[in-house]
2 protein chains.
Amino acid sequence: MTMSHLDREIASQPKTLARLFDKERKPVEKLAVAIRQTGLKHIFLVARGSSDNAGLYGKYLFGARNRFIVSLATPSLFTLYGRPPDLRDSLVLAISQSGESDDLCHVMQEAKAQGAASLVLCNYTKSPLASLARWVFPLHAGVERSVAATKTYTAELLALAMLSVALDGTAKDWKELRRVPALLDETLEMNQAVAAQASRYRYADRMAVIGRGFNYATAFELALKLKELAYLAAEPSSSADFRHGPIAVVGEGFPVLLIAPKGKTLADMRELAGELRKRRAEILAISNDAGILRMAQCPMPIPADLPEWLSPLVCAVPGQLLARHVANVRDCPLDKPRGLRKVTRTL
Amino acid sequence: MTMSHLDREIASQPKTLARLFDKERKPVEKLAVAIRQTGLKHIFLVARGSSDNAGLYGKYLFGARNRFIVSLATPSLFTLYGRPPDLRDSLVLAISQSGESDDLCHVMQEAKAQGAASLVLCNYTKSPLASLARWVFPLHAGVERSVAATKTYTAELLALAMLSVALDGTAKDWKELRRVPALLDETLEMNQAVAAQASRYRYADRMAVIGRGFNYATAFELALKLKELAYLAAEPSSSADFRHGPIAVVGEGFPVLLIAPKGKTLADMRELAGELRKRRAEILAISNDAGILRMAQCPMPIPADLPEWLSPLVCAVPGQLLARHVANVRDCPLDKPRGLRKVTRTL
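Residues numbered from 1 in each chain as written. Chains lettered and ligands numbered in written order. Predicted model: local features only at pLDDT ≥ 70, side-chain atom pairs only at ≥ 80, totals over all residues. Heavy atoms only, no water.

**Q** Explain the interface of chain A and chain B to me, please; I cannot follow it from the model alone.
**A** Interface size is commonly expressed as the accessible area that is lost once the parts come together. Taken together, the contact between chain A and chain B spans 67 residues of the former and 66 residues of the latter. The contact between chain A and chain B buries some 5,700 Å² in all, and 56% of this surface belongs to carbon and sulfur atoms. Summed over the three residues of chain A that lose the most area to chain B, namely R67, Y81 and H244 of chain A, the buried surface amounts to 13% of that side. In this structure, the connection of chain A to chain B is made through 4 salt bridges. (Contact = heavy atoms within 4.5 Å. Buried area = accessible area lost by both parts, 1.4 Å probe. Salt bridge = Lys/Arg side-chain N within 4 Å of Asp/Glu carboxyl O.)

Okay, structure coming up:
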């Protein structure tokens with residue numbers, strides 16, 4: 001079996017994240033000082049695709065840790081309607097692997113014209129997007145060849161977490177952050193076990209993907225991987241939103257992927273798992289809770305000792321592996337999903 | 001055939017919205033004066049289910065018309081994590097049919113404790129949620145008996161549009177708003193035509209629902225109706241986000257519902273329709289553009305003379321009818337979808 005770019009990029013995440021941590025550990029402190037000096041408490045966040053999902057993590061992270069309010073941008077107000085909001089009270093934060101998306105450049109151009117504070121998280125510091133921003137936070141992730149983002153997604157999460165800690169953090173937080181690459185290494189060991197379970201989903205067409213709080217982002221990102229790679233109609237949702245309607249689709253055998261690491265959301269996820277069992281749904285679980293793993297037909301155990309705020313970095317990995325292996329049993333090409341390009345140009 | 005509550009509530013929308021308009025046309029001017037006096041330009045919006053989708057309309061509406069930045073709240077930061085953001089620079093806006101949801105009350109309680117300006121859009125002015133807010137905007141929609149929200153959703157949209165116009169609007173805007181009930185009446189005439197087409201989706205299990213700009217909200221709301229009522233795994237997305245990955249799921253015969261009224265988003269939707277045709281997808285279209293309707297296997301024509309900013313009120317109706325009739329041919333109960341209650345209690 002020849003290795004795909006996707007396989008190599010999934011496997012490279014511990015090293016990629018360790019490099020990012022080492023290279024930006026000091027610069028991010030300076031960046032945080034500059035941001036704190038602006039006195040801003042609102043972040044206006046703009047991104048697409050996987051980077052937009054990373055932004056969802058930022059929404060909870062900057063909310064819970066820094067008490068910021070994060071608004072996700074609506075690019076069409078800039079590009080199609082020509083009615084951008086007043087950005088001067090906000091830190092405009094763009095997240096992009098390539099830094100080439102026209103709509104993001106449009107938003108950043110407007111931020112510049114308004115004199116707003118702006119930051120770009122990007123893999124390419126010389127990209128058009130990066131050149132428009134006041135500050136740039138480089139991801140150092142190396143070229144990503146597979147169309148489906150994996151290492152750049154987790155690198156974006158780590159960059160956001162580093163910034164959050166640099167803004168308001170303790171030595172303990174930095175120590176926890178430093179452990180992330182090792183945790184990813186440990187999690188990647190489940191690769192063969194996930195491969196063995198993937199054939200069960202050869203003929204699945206749909207899936208619900210549920211995560212809450214910090215892992216709301218994970219639900220969106222893993223649903224996107226399952227769509228892009230395995231052509232599964234996978235729909236993300238929080239456990240709360242799911243109960244407000246979408247749960248009606250769940251009948252016998254309907255597959256539901258639960259992202260349920262230990263933490264504040266676990267009790268709620270456990271209750272949902274019970275409801276799903278009553279409906280005789282098929283449960284896939286990314287968890288370090290023995291009870292939830294026991295309830296799952298497809299358990300994906302993650303390291304036990306995992307701080308909740310960093311769990312999205314770890315929980316992404318089993319889902320990447322699942323999407324990769326399900327894609328394989330469904331004969332979907334791993335590096336070039338149908339109809340997608342690496343840089344998507346939208347306005 | 002006995003009529004369901006759902007049928008009656010869908011049919012009642014012109015009258016419900018006319019009543020809301022007449023009763024609140026004057027009070028909303030006073031409300032707008034009070035809000036303008038706060039000088040706030042950020043809205044912190046909290047809602048669940050269909051009301052959350054109405055909030056998405058608000059995000060574009062207040063953005064495009066009033067140049068406000070709208071943040072959608074993350075209730076778990078209040079309820080599970082106990083880390084609410086600083087709300088004093090924001091107008092906290094809760095939208096709820098019942099006004100009984102515990103998580104929304106939690107957020108509103110916190111807004112009150114912080115002394116933030118707050119407004120509740122609600123069908124019940126004596127509800128726990130309404131009693132916590134500084135201002136209340138009543139929906140006057142009458143009791144909604146069907147679990148799936150229809151008339152309260154469009155009433156919420158109208159209330160938001162009235163507030164936006166009261167904040168920054170012209171006599172022409174008010175005149176356009178006044179026409180909404182008549183436009184809904186006209187749109188409801190397609191009921192039999194939609195019923196005739198519904199059997200085609202007897203065995204559809206999945207659907208993508210695409211709308212952009214003002215109708216991003218419509219995509220989310222109609223996907224929710226299709227899930228709740230017809231148990232279809234319907235996933236909403238903007239045309240831009242769709243191209244950043246999810247489009248990979250679309251193969252031959254994959255059904256895609258396009259919400260494509262005339263306006264700034266039409267060119268983009270037309271281009272997407274062309275791409276979908278190349279993939280031999282099944283196209284369902286809610287549109288007043290002859291070109292898009294011709295490309296659709298299931299065309300749902302809406303009134304020609306429709307201002308884009310109000311099109312979400314009209315475009316919701318064909319989707320409600322579609323969900324209702326597809327539910328019927330799939331033998332799903334119309335008023336009590338499996339596993340749902342009218343008031344969902346989540347924290």
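**Q** When you look at the packing of helix α2 (residues 13-24) of chain A against helix α10 (residues 180-188) of chain A in this model, what are you seeing that I'm missing?
**A** Packed helix pairs are specified by the crossing angle of their axes together with the interaxial distance, meaning the distance between the axes. All names here are of chain A. The interhelical angle for the contact between α2 and α10, taken along N-to-C directions, is 175°, at an axis separation of 8 Å. Between α2 and α10, the interaxial angle falls into the category roughly antiparallel. Contact residues: Q13, P14, L17 and A18 in α2; V180, P181, L184, D185 and L188 in α10. Of the residues that constitute the contact of α2 with α10, the class distribution is 7 nonpolar, 1 polar and 1 charged. (Axes fitted to C-alpha atoms, helices over the stretch in contact; angles between N-to-C directions. Helix = DSSP H or I, 4+ residues; strand = E, 2+ residues; numbered from the N terminus. Parallel < 35°, antiparallel > 145°, perpendicular 65-115°, else oblique. Nonpolar A, V, L, I, M, F, W, Y, C, P; charged D, E, K, R; others polar.)

**Q** Please explain the nonpolar core as it appears in this structure.
**A** One recurring pattern in soluble globular proteins is that nonpolar side chains are buried together. Of all hydrophobic cores here, the largest spans 140 residues; its most connected members are Y57, L119, F137, L177 and L257 of chain B. The greatest single-element share of this core, amounting to 12 residues, is contributed by helix α8 (residues 151-167) of chain B. Listed in part, the 139 residues of the second largest apolar core include I95 and L119 of chain A together with L266 and M295 of chain B. (Core = buried A, V, L, I, M, F, W, Y, C linked by side-chain atoms within 4.5 Å. Buried < 20%, exposed > 50% of the residue type's maximum accessible area, 1.4 Å probe, protein only.)

**Q** Would you explain the side chain of S238 of chain A in this entry?
**A** Residue placement: S238 of chain A occurs in the loop between β7 (233-237) and α13 (239-243). Exposure remark for S238 of chain A: the relative accessible area of 4% places this residue in the buried category. The contacts of S238 of chain A, once residues within four sequence positions are left out, are I210, G211, R212 and Y216 of chain A together with R48 of chain B.

**Q** Could you clarify how one ought to interpret the packing of α10 of chain A against helix α16 (residues 311-329) of chain A in this entry?
**A** All names here are of chain A. Packing of α10 against α16 brings their axes to within 9 Å, and their N-to-C directions diverge by 25°. Judged on the interaxial angle alone, α16 and α10 are roughly parallel. Considering only the axes of α10 and α16, their crossing is right-handed. Along its contact with α10, which presents V180, L183, L184, T187 and L188, the element α16 presents L313, V314, V317 and P318. (Left-handed = near helix turned anticlockwise from the far one by under 90°.)

**Q** Just to check I follow, could you spell out helix α10 (residues 180-188) of chain B for this structure?
**A** In an α-helix, one turn spans 3.6 residues, which is why side chains three or four residues apart end up on the same side. Residue and element names in this part refer to chain B. Those residues of α10 not exposed but buried are V180, P181, L183, L184, T187 and L188. What you see down the axis of α10 is that its buried residues fit within an arc of 160°, all on one side. Buried positions along α10 lie against α1 (5-11), α2 (13-24), α9 (171-178), α11 (191-198) and α16 (311-329). (Arc of directions from axis to C-beta.)

**Q** Could you clarify how one ought to interpret the relation of the copies chain A and chain B in this entry?
**A** In this arrangement, two copies of a chain are superimposed by a rotation about an axis accompanied by a shift along the axis. For the pair chain A and chain B, the relating rotation is 180°, the translation along its axis is 0.0 Å, and the fit reaches an RMSD of 0.0 Å. Such values leave the two copies arranged in the relation of a two-fold axis. For chain A, the minimum C-alpha distance to the rotation axis belongs to S71 of chain A and amounts to 2.2 Å. A shared binding surface is used by both copies, with 99% of the interface residues of chain A retained as interface residues in chain B. (Least-squares fit on C-alpha atoms with pLDDT ≥ 70 in both.)

**Q** What exactly am I supposed to notice about unusual backbone geometry here?
**A** What you tend to see is this: most non-glycine residues have negative phi, and most peptide bonds are trans. We note that H140 of chain A has phi near 55°; this positive angle belongs to a residue other than glycine. Looking at the secondary structure, you find H140 of chain A in the loop between β5 (135-138) and α8 (151-167). Classification of H140 of chain A by relative accessible area gives partly exposed; the value is 23%. At D331 of chain B, a position not held by glycine, the phi torsion is positive, near 60°. With respect to the secondary-structure elements, D331 of chain B resides in the segment after α16. For D331 of chain B, a relative accessible area of 66% gives the class exposed.

**Q** Any chance you could explain the environment of D173 of chain A here in plain terms?
**A** Residues and elements named next belong to chain A. Assignment of secondary structure puts D173 in helix α9 (residues 171-178). For D173, a relative accessible area of 11% corresponds to the buried category. In this structure, the C-alpha to C-alpha distance between D173 and L184, residues 11 residues apart in sequence, is 17 Å. Among the polar contacts listed, one links the side chain of D173 to the side chain of R65, at a separation of 3.3 Å. (Polar contact = N/O pair within 3.5 Å; in protein donor to acceptor, adjacent residues only side chain to side chain.)

**Q** What is the right way to look at the domain arrangement of chain A in this model?
**A** Residues and elements named next belong to chain A. Looking at chain A, the domain boundaries give domain 1 (5-178) and domain 2 (185-329). Taken over C-alpha atoms, the centre of domain 1 sits 26 Å from the centre of domain 2. Domain 1 puts 28 residues into the contact, and the matching count from domain 2 is 23 residues. When domain 1 packs against domain 2, the two sides together hide about 2,200 Å² of surface, and 71% of this comes from carbon and sulfur. Of all residues in domain 1, the largest losses of buried area upon contact with domain 2 belong to I10, Y57 and Y60, amounting jointly to 24% of the total for that side. The tally of links between domain 1 and domain 2 comes to 1 salt bridge. (Domains from an automatic or database assignment.)

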